[in-house]
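Observations on chain architecture
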Amino acid sequence: MRRKVFFALIILTAVYLFYLLFYSNFFKINKINVAGQIDGLKIEEITVKINQVMVDNRTWPFTGDNYFSLKTSRLEQALNQTNALASFKADKKFPRTLNIQIEERLGRLLWVSSEQFYVLEADGLISGSLALELAASSTLPVIYDLSNAPVAPGETRVNNKQLTLIMEAWLNLKNYDLPQIELDYFKVDSAQANYAKIVTSKGFEIHVNYSTGFDAQINKLKKSLASGKIDLNNIHYINLRIANQVIYK
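Residues numbered from 1 in each chain as written. Predicted model: local features only at pLDDT ≥ 70, side-chain atom pairs only at ≥ 80, totals over all residues. Heavy atoms only, no water.

**Observations regarding the overall build of the protein chain**
Helix and strand content of the protein chain: 6 helices and 12 strands. With respect to the three principal axes, the spread of C-alpha positions in the protein chain is 105 × 30 × 25 Å. Here the protein chain, with 249 residues, has 40% of them falling under the buried criterion. As displayed, the protein chain has an accessible area near 14,500 Å², and 53% of this comes from carbon and sulfur atoms. Charged side chains of the protein chain number 28 positive and 23 negative; the gap between the two group centres comes to 11 Å. (Helix = DSSP H or I, 4+ residues; strand = E, 2+ residues; numbered from the N terminus. Buried < 20%, exposed > 50% of the residue type's maximum accessible area, 1.4 Å probe, protein only. Areas by Shrake-Rupley, 256 points an atom, 1.4 Å probe, with all protein chains shown as cover. Lys, Arg positive; Asp, Glu negative; His and termini not counted. Charge placed at Lys NZ, Arg CZ, Asp CG, Glu CD.)

**Notes on the packing of aromatic side chains**
Enumeration over the complete set of coordinates arrives at 9 aromatic pairs. Look at Phe-26 and Phe-27: their rings are 4.8 Å apart centre to centre, the planes differ by 90°, and that puts the pair in the edge-to-face class. Ring plane angle 90° and centroid distance 5.3 Å describe the contact between Tyr-67 and Phe-68, whose orientation is recorded as edge-to-face. Of the residues examined, Tyr-67 reaches a relative accessible area of 15% and is grouped as buried. Taken together, the ring pairs in this structure connect Phe-26, Phe-27, Tyr-67, Phe-68 and Phe-94 into an aromatic cluster. One Lys or Arg, Arg-96, reaches over the ring of Phe-26 and ends 5.1 Å from the middle of that ring. Sitting above the plane of the Tyr-195 ring, Arg-241 keeps its charged end 3.6 Å from the centroid. (Phe/Tyr/Trp six-rings, centres within 6.5 Å; stacked < 30°, edge-to-face > 60°. Lys NZ or Arg CZ within 6 Å of the ring centre and 35° of its normal.)

**Quick word on the sheet that holds strand E5 (residues 116–120)**
Taking strand neighbours across the sheet as the criterion, the 9 strands line up as E6-E5-E4-E7-E8-E9-E10-E11-E12 in an open arrangement whose pairing is mixed. The open sheet has two edge strands with one neighbour each: strand E6 (126–130) and strand E12 (247–248). Pairing between strand E7 (residues 142–145) and strand E8 (residues 183–188): 3 bridges, direction parallel. When the sheet's bridge partners are listed, Tyr-144 is paired in E8 with Lys-187. Running over the sheet, helix H5 (residues 160–172) touches strand E4 (109–113), E5, E7, E8, strand E9 (195–200) and strand E10 (205–209) and is turned about 170° from E8. Of the strands in this sheet, E9, E10 and strand E11 (237–239) are in contact with helix H6 (residues 214–226), which crosses E10 at around 145°. (Pairing = 2+ DSSP bridges. Contact = heavy atoms within 4.5 Å. Axes fitted to C-alpha atoms, helices over the stretch in contact; angles between N-to-C directions.)

**Section: the sheet that holds strand E2 (residues 86–93)**
Spatial ordering of the open sheet is given by E1-E3-E2, a layout of 3 strands whose pairing is mixed. Each edge of the open sheet carries a strand with a single partner, namely strand E1 (31–35) and E2. Sheet twist, expressed as the average angle between the axes of neighbouring strands with direction ignored, equals 20°.

**Quick notes on the pairing of E5**
Taking burial as the measure, the 5 residues of E5 include 4 buried ones, the bulk of the element. Examined bridge by bridge, E4 and E5 share 5 bridges and lie antiparallel to one another. Its bridge partner lying in E5, Leu-109 is registered against Leu-120. Between the end of E4 and the start of E5, which pair antiparallel, lie 2 residues, with Ser-114 showing a positive phi angle near 50°.

**Considerations on helix H3 (residues 72–80)**
Every buried residue of H3 is accounted for by Leu-75, Glu-76, Ala-78 and Leu-79. All buried residues of H3 lie within an arc of 165° about the axis, which places them on one face of the element. Buried residues along H3 sit in contact with helix H2 (43–56), E2 and strand E3 (97–104). (Arc of directions from axis to C-beta.)

**As for the pairing of E7**
Direction of pairing for E4 relative to E7: parallel, over a ladder of 3 bridges. When the bridges of E7 are listed, Leu-110 appears paired with Val-142. Handedness of the β-α-β unit built from E7, H5 and E8 comes out left-handed. (Right-handed = clockwise from strand over helix to strand, strands pointing away.)

**Observations concerning unusual backbone geometry**
The omega torsion across Phe-94 and Pro-95 is 0°, close enough to zero to call that bond cis. If you trace the backbone, Pro-95 turns up in the loop between E2 and E3. Non-glycine residue Asn-148 carries a positive phi angle of around 50°. Looking at where Asn-148 falls in the secondary structure, it is placed in the loop between E7 and H5. Backbone geometry places Asp-177, a non-glycine residue, at a positive phi of 55°. Mapping Asp-177 onto the fold places it in the loop between H5 and E8.

Structural data, given as structure tokens:
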């Protein structure tokens, strides 16, 4: 009889501990801290999404909002799929707190074709579409595809050399101390073109290619500007693609 009572106590204790650890409110995530912000993302909407993800990712018999059963890696994966521009990092703090850090995803650009915005990865792959409101608030470099070719996310690739040229222009043009020239966005004739068009804030374009070298082309432009040959207030474009020449109209 004593053995049965002892066994029953063990079972009850195990059930109680299981309930305490995985079902009681003591270990239920009830505080969510969100740090960082990306334009176009609202903290309230993010919190709602986090709670929904925790509900959707429950693994029977465990709840999705329990400190011990919540998998932060799974939560991060689900959140990262909701927004192409934001990167989410999740961290649990004992016993009921969830911390979320939001950062802008680096090494990405915006590709525009047929008035639709897409996310362009650093490796040249167009990975997904992007809502207009998020694209409008993004600080990522924008590339307009003048061919308006159909885009298949996950399949369409951009010429890597073209992409490297664009990133070099985006990051370094301001370091050349060119008066009255401020980069606004880019144009390309196609995803496989061997040159790019830098559109300035004044509206005129600077055409560069990747075969000659960005540095050599911009220094060539700098010399022409220093000589006073080009009036930047009365031109449509400057073509630097031809060796030893600066062509403008």
